Amino acid sequence: MYAQMVETGLKNVRSIDDMGQEERAFQARIDEGIKIEAKDWMPDAYRKTLIRQISQHAHSEIVGQLPEGNWVTRAPTLKRKSILLAKIQDEAGHGLYLYSAAETLGVSRDDLLAALHSGKAKYSSIFNYPTLSWADMGAIGWLVDGSAIINQIPLCRCSYGPYARAMIRVCKEESFHARQGYDIMMSLCKGTPEQKAMAQDALNRWWWPSLMMFGPSDAASVNSAQSAQWRIKLFSNDELRQRMVDQTVPQIEYLGLTVPDPDLKFNAETGHYEFGEIDWSEFNNVLKGNGPCNRERLQTRVKAYEDGVWFRDALLAYADKQAAVKAAA
Ligand code: FAQ
């Protein structure tokens, strides 16, 4: 993938001739597969890229709780409610590991949250779509967590140690999430015609946004080539998107549902599914803040943060008091 990305994005990649001695040694360590740790020397641009990606990832986990949170009070059974609650709490945990991983790079959590709340920082486009029916809980677990796993398994081997290690537990938990989502879809597809129609409707609405989660096409991706050189990205956006389609189409067929893509066909020669054109104008519009739920998601997070001020203040006041008692002893 690296050679391919370097070819397509040559202008975005650091040439060895431009590197000083320290940077060459750094790149050599990366090429050998040695992990970079928080206190190691690293180029500013590597640090910046990691802060950008890890914090966007953290924000996605936190904002990503909202679409499913919408259904906690309306889960159809006690068992489904317990599973959904556990899943949403897992996502909060992922956000916390990821903020901690970002903090190892010298940024403060307050600054990261301020960037999210001001609308400056990105989070995954997928979480700006509404959850209209219970079947959406199935579709999110199956397709959204499913896509997240495909993207995150390679991140367990990325060059930055704290990020790679955080991803191991995250991926294990995401596997449970994907499984519970598919289980919801199976129950609906084995149910009444109305339930099966709900499952198909959810698939229709979540299919394309799930493919967009992998980011712009390789030709349009500005960061991929450099991130590949630094082994932050081990596979390109298009490679991982193809993996998702190849893995998911047979699952759709098993459910007895239809892929909402008239251009989808299996290419026996390549062994891959070919799929229709993604609507990149929709993707770019969501990134600009104009998706169906962008404003609502941000407002909800800002309100939650403001509602929690008294609690954070109380914790700090208590910590200060304890420190004063200790100092006086
Ligand atoms: N949404 O040059 P590239 C989850 C931005 S976790 C919004 O290709 P890059 C768990 C990108 O940031 C889901 N923005 O960029 C869960 C860049 O903008 P910038 C999150 C996007 O970084 C499930 C610009 O476009 N996962 O779902 C998106 O090399 C259920 C150009 O793109 C991660 O964050 C997008 N979809 O590749 C939680 C995984 N795609 O910053 C709750 C880690 C691209 O230059 C419920 N991240 N952009 O202004 C990555 O692997 C990468 O950052 C990519 C993008 C692949 C997302």
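Residues numbered from 1 in each chain as written. Predicted model: local features only at pLDDT ≥ 70, side-chain atom pairs only at ≥ 80, totals over all residues. Heavy atoms only, no water.

The name given to the chain in an unreviewed UniProt entry is 1,2-phenylacetyl-CoA epoxidase subunit A, with Janthinobacterium tructae as the source organism.

Another aspect to go through is the side chain of N294. With respect to the helices, strands and loops of the structure, N294 is situated in helix α13 (residues 294–307). Relative accessible area serves as the criterion here: at 9%, N294 is assigned to the buried category. Sequence-distant contacts of N294, defined by excluding residues within four places in its chain, comprise Y123, N128, V286 and G289. (Helix = DSSP H or I, 4+ residues; strand = E, 2+ residues; numbered from the N terminus. Buried < 20%, exposed > 50% of the residue type's maximum accessible area, 1.4 Å probe, protein only. Contact = heavy atoms within 4.5 Å.)

Between its first and last C-alpha, helix α7 (residues 135–152) extends 25 Å over 18 residues, near the 26 Å set by a 1.5 Å rise per residue. Counting buried residues in α7 gives 17 out of 18 residues, a clear majority hidden from the surface. (Expected span 1.5 Å × (residues − 1).)

Taken as a whole and judged by the stated rule, the model has 9 aromatic pairs. Here the aromatic rings of Y46 and W230 are separated by 5.5 Å at their centres, their planes lie at 85°, and the arrangement is edge-to-face. Of the two residues, Y46 is situated in helix α3 (residues 44–63) and W230 in the loop between α10 (224–229) and α11 (237–255); the sequence distance between them amounts to 184 residues. Where W71 meets W134, the ring centres are 6.4 Å apart and the plane angle is 65°; that geometry is what we call edge-to-face. In this pair, W71 sits in the loop between α4 (65–69) and α5 (78–103) while W134 sits in the loop between α6 (109–117) and α7, placing the two residues 63 residues apart along the sequence. Like W71, the residue W134 is buried in the burial classification. The rings of F26, W41, Y46 and W230 are connected pair by pair, giving a single aromatic cluster. A cation over an aromatic ring shows up here: R74 above the ring of W71, its NZ or CZ 4.0 Å from the ring centre. Lying across the ring of F235, R243 places its NZ or CZ 4.3 Å from the centre. (Phe/Tyr/Trp six-rings, centres within 6.5 Å; stacked < 30°, edge-to-face > 60°. Lys NZ or Arg CZ within 6 Å of the ring centre and 35° of its normal.)

A few words on the site of the ligand. Around the ligand, 35 residues are found, and the nearest of them are Q56, K122, S125, S221 and K233. Residue N151 places a side-chain N or O atom 3.0 Å away from an oxygen atom belonging to the ligand. Protein chains bury 90% of the 1100 Å² of accessible surface belonging to the ligand in isolation. Here the residues of the shell around the ligand are counted per class, giving 13 nonpolar, 13 polar and 9 charged. (Near = heavy atom within 4 Å. Polar contact = N/O pair within 3.5 Å; in protein donor to acceptor, adjacent residues only side chain to side chain. Areas by Shrake-Rupley, 256 points an atom, 1.4 Å probe, with all protein chains shown as cover. Nonpolar A, V, L, I, M, F, W, Y, C, P; charged D, E, K, R; others polar.)

Let us now look at the nonpolar core. Most often, soluble globular proteins have nonpolar side chains that are buried together. Within the largest apolar cluster, 78 residues are counted, with the highest numbers of intra-cluster contacts made by Y46, I54, Y160, Y163, W206 and W207. Not counting residues up to four positions away in its chain, the partners in contact with Y160 are K35, I36, E37, A38, M42, Y46, L50, I54, A101, T104 and L105. (Core = buried A, V, L, I, M, F, W, Y, C linked by side-chain atoms within 4.5 Å.)

This part is about the environment of R14. Relative to the helices and strands, R14 is located in the loop between α1 (2–8) and α2 (21–31). Remark: the alpha-carbon pair of R14 and D263, spanning 249 residues in sequence, is separated by 39 Å. Once residues lying within four places of it in the same chain are set aside, the contact partners of R14 are M19, E23, Q226 and Q229.

Now for the packing of α5 against helix α8 (residues 161–189). Packed helix pairs are characterised by how far apart their axes lie and by the angle those axes make with each other. Following both chains from N to C, one finds α5 and α8 inclined at 160°, their axes separated by 10 Å at the closest point. Taken together, the axes of α5 and α8 lie roughly antiparallel to each other. The handedness of the crossing between α5 and α8 is left-handed. Among the residues forming the contact of α5 with α8, the class breakdown is 11 nonpolar, 4 polar and 8 charged. (Axes fitted to C-alpha atoms, helices over the stretch in contact; angles between N-to-C directions. Parallel < 35°, antiparallel > 145°, perpendicular 65-115°, else oblique. Left-handed = near helix turned anticlockwise from the far one by under 90°.)

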